[in-house]
Amino acid sequence: MPGLADCLSFLRLLIARGDPKAIPLATGAIDEYLQMAPVSIRRNGLRVLQQDAWDLHGAGVGVQRSFAETVDAYIERKLAEE
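The structure displayed is predicted, hence computed values, not measured ones. (Residues numbered from 1 in each chain as written. Predicted model: local features only at pLDDT ≥ 70, side-chain atom pairs only at ≥ 80, totals over all residues. Heavy atoms only, no water.)

Visitor: Now, about helix α3 (residues 39-59): what can you tell me, with residues and values included?
Guide: Taking 1.5 Å per residue as the helical rise, α3 with its 21 residues ought to reach 30 Å, and the 31 Å between its terminal C-alpha atoms agrees with that figure. Residues of α3 that are buried make contact with α1 (4-17), α2 (23-36) and α4 (63-81). (Helix = DSSP H or I, 4+ residues; strand = E, 2+ residues; numbered from the N terminus. Expected span 1.5 Å × (residues − 1). Contact = heavy atoms within 4.5 Å.)

Visitor: Kindly report on the side chain of T27, identifying the contributing residues and their values.
Guide: As for its position among the elements, T27 is in helix α2. Side-chain polar atoms of T27 contact the backbone oxygen of P24, separated by 3.1 Å. (Polar contact = N/O pair within 3.5 Å; in protein donor to acceptor, adjacent residues only side chain to side chain.)

Visitor: Could you give an account of the packing of α1 against α3, with specific residues and numbers?
Guide: One way to put it is that α1 packs onto α3 with a least axis distance of 10 Å and a crossing angle of 25°. Classified by the angle their axes make, α1 and α3 are roughly parallel. Regarding α1 and α3, the two cross each other, and that crossing is right-handed. Counting all contacts with α1, which are made through L4, C7, L8, L11, R12 and I15, the residues of α3 involved are G45, V48, L49, D52, A53 and L56. Residue composition of the contact of α1 with α3, grouped by class: nine nonpolar, one polar and two charged. (Axes fitted to C-alpha atoms, helices over the stretch in contact; angles between N-to-C directions. Parallel < 35°, antiparallel > 145°, perpendicular 65-115°, else oblique. Left-handed = near helix turned anticlockwise from the far one by under 90°. Nonpolar A, V, L, I, M, F, W, Y, C, P; charged D, E, K, R; others polar.)

Visitor: Tell me what's going on with α2, and back it up with residues and numbers.
Guide: Taking 1.5 Å of rise per residue, 14 residues should cover 20 Å, and α2 covers 20 Å from first to last C-alpha, within 8% of that figure. Along α2, the residues classified as buried are A26, T27, A29, I30, Y33 and L34. Angularly, the buried residues of α2 cover 155° about the axis, an arc narrow enough to put them on a single face. Exposed side chains of α2 directed beyond 90 degrees from the buried face belong to P24 and Q35. (Buried < 20%, exposed > 50% of the residue type's maximum accessible area, 1.4 Å probe, protein only. Arc of directions from axis to C-beta.)

Visitor: Before we move on, could you go through the environment of G3 and cite the residues and values that matter?
Guide: Secondary-structure assignment places G3 in the segment before α1. Residue G3 is classed as buried on the basis of its relative accessible area, which comes to 19%. In this structure G3 touches Y33 and M36, once residues within four positions along its chain are discounted.

Purely geometric numbers; function is a separate question.
Written as structure tokens, this is what we have:
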């Protein structure tokens, strides 16, 4: 999937850091992925990103978990729009 691997890697890094000031970077990465990906695979790509965020949520603590929850909520909104 175009751009999915890059988006996934970037979101993993941001979640690991857990800096709330980086939320715009995370949402921007998701938006960029959506702009690059063909319409036919966007939902699947978002689901991959969402599952990874939840996996990191389970392994994270404190701010990492909160960041992962925020990413998940944003992805959920994007899924509703698709």
